[in-house]
Amino acid sequence: MTLVDQRLAQIRHAYFTDAQGAADALQVFRKATQRKAPRRKLSRLLRHHDDSPINDSETWIRDGFDSLLAYFSMVEIGCLSGFLPNELPSSYQALARRVLLHPDVRAYYRDNYPLYLPQLHLLRLEGHALSRERDTMFLFDSFFELSLPFETSSAVETFLWFLDGGARDGFDFEDTIDALRSPNEFLKHSSARAEDSSDGEMEVLSASVQGFLHFVEFAPRLLTLLRECSGLPLLQSALWHFHGYWFGQMGTRIGADVRNALEAIGSWESTLSSAVKRESAERLHAGRLARREQETALEYLSSGRFSYPVIEKVLVANAALSLRILQEELAIEQDTPSITLGSIHELAVGPTKGALISLIKAPVKGRSESEK
Amino acid sequence: MNHTLPMVMRNAAGQPWSAEGRSRFALTEAPKGVVIFIHGFRGNALDTWIDFPQRLPREQKASGYDLLFYGYDTREAATISAVAFRNFLTAVAEKPAAQVVNSSLPKGLTPRATKFKYQHIVIAAHSLGAVVSRLALLQCVNTKRVPLEWLSRVRLALFAPAHSGALAANIASLLLFGLPAGKVLGAVASRIYRSIYDLTPASLTLTSLERDTQKRLEVPGAAAVSRCHRAWVAHGSKDWVVIINQFLEDYQIRRMSGATHLTVCKPTDEHLEPLQFLLEVMP
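Residues take numbers from 1 onward in each chain, read along the sequence in its written order. Note on labels: chains are lettered from A, ligands numbered from 1, in written order. Residue-level local features of this predicted model are given only where pLDDT is at least 70; pairs of side-chain atoms are given and counted only at 80 or more, and the full residue set underlies all totals for whole chains, interfaces and linings. Where side-chain values are given, they derive from all heavy atoms of the structure, hydrogens and water being excluded.

Observations concerning the overall build of chain A
Then, number 1: The secondary structure content of chain A amounts to 18 helices and zero strands.
Then, number 2: Here's how the labels work: a residue is buried when its accessible area is under 20% of the maximum for its type, exposed when over 50%, partly exposed in between, all with a 1.4 Å probe on protein chains only. With 372 residues in all, chain A has 51% of them scored as buried.
Then, number 3: For chain A, the share of sequence-separated contacts (at least 6 apart) that also reach a separation of at least 24 residues comes to 73%. A run of H or I in DSSP counts as a helix once it spans at least four residues, and a run of E counts as a strand once it spans at least two, with each numbered from the N terminus. The criterion used for residue contact is that any of the two residues' heavy atoms lie within 4.5 Å.

Rendered as structure tokens:
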């Protein structure tokens, strides 16, 4: 086994053995894409939730597909950071292309729930040059460890499910925030264990509280890692995109609630006697600093400021591809014009044939005047 | 890179060895040693150590060591946690290939030879983890109560050990994002966390620990095996949680300037002492 195979095996192990979701999803994918499998089964499973509500069993399978996409995304980050080479082994490429190019899977990560890292990885598999900016293997190492609980921890899974608007056993995100407001409730839920319940599963609200705590402690660590990547914009952006969906949710819907929860934890301080406050001034100060750091990190990561480089790469490459196809269709013998995000800005609603033709006729090489 | 990525640590039956336990194996056929990390009160197998899992593998000296991050439920009595840790330690010392390494390695990576054994076993423990480790070492005896031979290969590196006890209110405060728990909440915490009683200064657990360790150090003709009970110890100058004093024949305490109870075991760019300390203990 080559060094590259060994490294791929380690990432695969995390997503297919230490966590089971990706393995289950791959099995579903294989069954659904067999020659005799009923058509449209996969497209229905991977539909947008606005088309029709998602039931419980579908949720778990779709979670598995998210893990499978996370696996491909982690491999992409491995390539960008130098842990893996630019060109991956052919057996891996065959599997990744088969999954990522499948129209139903593609619609899932491109249209229904846009994720840019699988799209970026597909560009690599299609032969686009995505060379690394410099070797940063140690960053991959840290990022992999930091991200592992998102696959293996049921507490984190529960919290993220709530963050996504879901409910379980009658509890949801609001209940999680409420539980954080009282020190007694906090203590009860944060110290609960799976073994406490007869079915060996941790109570849902306890799991969500513990998932929340993990998430707010994770945020400053991720931000530190992203700052270590300053000067490596594509890698920095890729690391953010790996968790970007959750920070997007945080920013648009419930960021204020999370901030309130952190403030509520801080307010416990007011219940202490002045003697205890005097004795513990140093620790109280450290606690305040930690909460401020968590709030700042959550706000910063939810702002979307790290998202641009990967999105640009994907949009520009997709537009260039559309142009090439159109040129071939129209039999225009001319070099494909250079594309930048600026030049496709006006095509944001989707490259229409007319707009693309005008782009070919009058190639734009830089940002538009209005953007300069 | 000299080590695998972090992965779940599994026993021969394929079950996780401990809660959130992780392993990073040296990419060599026969590493000379292993470092076992064991966290403290309400800690976590990996999070307690923050940057250790990434920083240690970058050190040349660590390239010949497997790194195991053990987790346990700190609500339980320290002696109960020690029983589980003793079982784990015994597996690591006696049958590492079959019971820890090969069952955790991804398919495709070269498994270790069945007869493989570590020459050195370093236990890096924080706070309550130090008490659990010391109790576990005392339990490593054969049916005739004779200490096991492989103890001579063990070294203890203790970060802010709680072997002399802790201030109950302060240890309970660690439950609440570092906020002091106050008397009422402290009482609630004590009902949930049995280990808080163990950490009360002069508790039965700590008294027996000191007495039994003393006896073990005095066993005639067993110097090699007894050496494992002499620990290397580091304390932060700003630690207000545990009681700091010399424990029996431990080596002289290393003072980490500016470190608190929680930061004493977390190396950062500005605070590399925890890493240096551990590297010094590793043979």
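Details of the overall build of chain B
Then, number 1: Scanning chain B from terminus to terminus reveals 10 helices and eight strands.
Then, number 2: Radius of gyration here is computed from C-alpha atoms only, and the compact-globule reference equals 2.2 Å multiplied by the residue count raised to the power 0.38. On C-alpha atoms alone, chain B measures out to a radius of gyration of 18 Å, which is about the 19 Å that the 2.2 N^0.38 rule sets for 283 residues.
Then, number 3: Seen along its three principal axes, the alpha-carbon backbone of chain B occupies a region of about 55 × 45 × 35 Å.
Then, number 4: Taken over 283 residues, chain B has a buried fraction of 59%.
Then, number 5: In chain B, the share of contacts with a sequence separation of at least 24, taken over all contacts with a separation of at least 6, comes to 71%.
Then, number 6: Per element, the accessible surface of chain B, about 11000 Å² overall, is 54% carbon and sulfur.
Then, number 7: The charged-residue count follows a simple rule in which Lys and Arg add positive charge and Asp and Glu add negative charge, with His and chain termini not counted at all. Note that the charge is assigned to NZ on lysines, CZ on arginines, CG on aspartates and CD on glutamates. Positive and negative side-chain charges of chain B, numbering 32 and 21 respectively, have mean locations separated by a distance of 5 Å. Methods summary: accessible areas were calculated by the Shrake-Rupley approach with a probe of 1.4 Å, and residue burial reflects only the protein chains presented.

Some points on the nonpolar core
Then, number 1: By convention a nonpolar core is built from buried Ala, Val, Leu, Ile, Met, Phe, Trp, Tyr and Cys residues, the set being connected through side-chain atoms within 4.5 Å. Membership of the largest hydrophobic core comes to 95 residues, with the highest contact counts inside it found for A:Ile11, A:Tyr15, A:Phe65 and A:Phe215.
Then, number 2: Contacts of A:Phe65, omitting those with residues within four sequence positions, involve A:Ala25, A:Val28, A:Phe29, A:Leu42, A:Leu45, A:Leu46, A:Val105 and A:Tyr108.
Then, number 3: Core analysis: the next-biggest nonpolar cluster, separate from the first, contains 56 residues, B:Val132, B:Leu135, B:Tyr193 and B:Cys228 among them.

Description of the domain arrangement of chain A
How big an interface is tends to be expressed through the accessible area that disappears when the partners come together.
Residues and elements named next belong to chain A.
Then, number 1: The domain boundaries here were taken from an automatic or database domain assignment. Along its sequence, chain A is organised into domain 1 (3-147), domain 2 (153-306) and domain 3 (309-371).
Then, number 2: Counting residues at the interface gives six residues for domain 2, matched by four residues for domain 3.
Then, number 3: In short, buried area is how much 1.4 Å probe accessible area vanishes from two parts on joining, totalled over both. Taking both partners together, domain 2 and domain 3 bury about 380 Å²; carbon and sulfur atoms supply 85% of that area.
Then, number 4: Three residues, Leu234, Ser237 and His241, lead the burial of domain 2 against domain 3; their summed loss comes to 78% of the area buried on that side.
Then, number 5: Criterion for a salt bridge: a side-chain nitrogen of Lys or Arg within 4 Å of a carboxyl oxygen of Asp or Glu. For the interface between domain 2 and domain 3, the tally reads zero salt bridges.
Then, number 6: Polar contacts, as counted here, are pairs of nitrogen or oxygen atoms within 3.5 Å of one another; within protein the pair requires one atom able to donate a hydrogen and one able to accept it, and residues that are adjacent in sequence qualify only if both atoms are side-chain atoms. Counting across the domain 2 and domain 3 interface gives one residue pair in polar contact (both at pLDDT 80 or more).

Here's the deal with the sheet that holds strand 1 (residues 7-8) of chain B
Strands pair in a sheet through their backbones, by hydrogen bonds, and they do so in one of two ways: parallel or antiparallel.
Residue and element names in this part refer to chain B.
Then, number 1: Two strands form a pair only when DSSP identifies at least two bridges running between them. The strand order across the open sheet built from eight strands is 1-2-4-3-5-6-7-8, with neighbouring strands paired in mixed fashion. Looking at which strands have only one partner, the edges of the open sheet turn out to be strand 1 and strand 8 (254-256).
Then, number 2: As defined by bridge partners, strand 3 (residues 33-38) adjoins strand 5 (residues 120-126) across six bridges and the pair is classed as parallel. From the neighbouring strand, Ile38 faces strand 5, where its bridge partner is Ala125.

So, helix 10 (residues 154-163) of chain A
All names here are of chain A.
Then, number 1: Counting buried positions over the 10 residues of helix 10 gives eight, a clear majority of the element.
Then, number 2: Taken as a whole, helix 10 has its buried residues at Ala155, Val156, Glu157, Thr158, Phe159, Leu160, Phe162 and Leu163.
Then, number 3: Taking the backbone nitrogen of Ala155 as reference, a side-chain oxygen 3.3 Å away marks Ser153 as the first, capping residue of helix 10.
Then, number 4: Looking one or two residues past helix 10, Gly165 carries a phi angle of roughly 95 degrees, positive in sign.

Things to note about the confidence of the model for chain A
Residues and elements named next belong to chain A.
Then, number 1: The predictor attaches a confidence to each residue, called pLDDT, with possible values from 0 through 100. Put simply, chain A has an average pLDDT of 81, and 80% of its residues get 70 or more.
Then, number 2: Put simply, helix 18 (residues 353-361) is where chain A has its lowest mean pLDDT, 52, and helix 5 (residues 90-100) is where it has its highest, 96.
Then, number 3: Throughout residues 346-351 the model reports pLDDT below 50, and contacts reaching past four residues in sequence, or to other chains, amount to six contacts.
Then, number 4: Counted against residues more than four places away or in other chains, residues 361-372, with its pLDDT under 50, gives 13 contacts.

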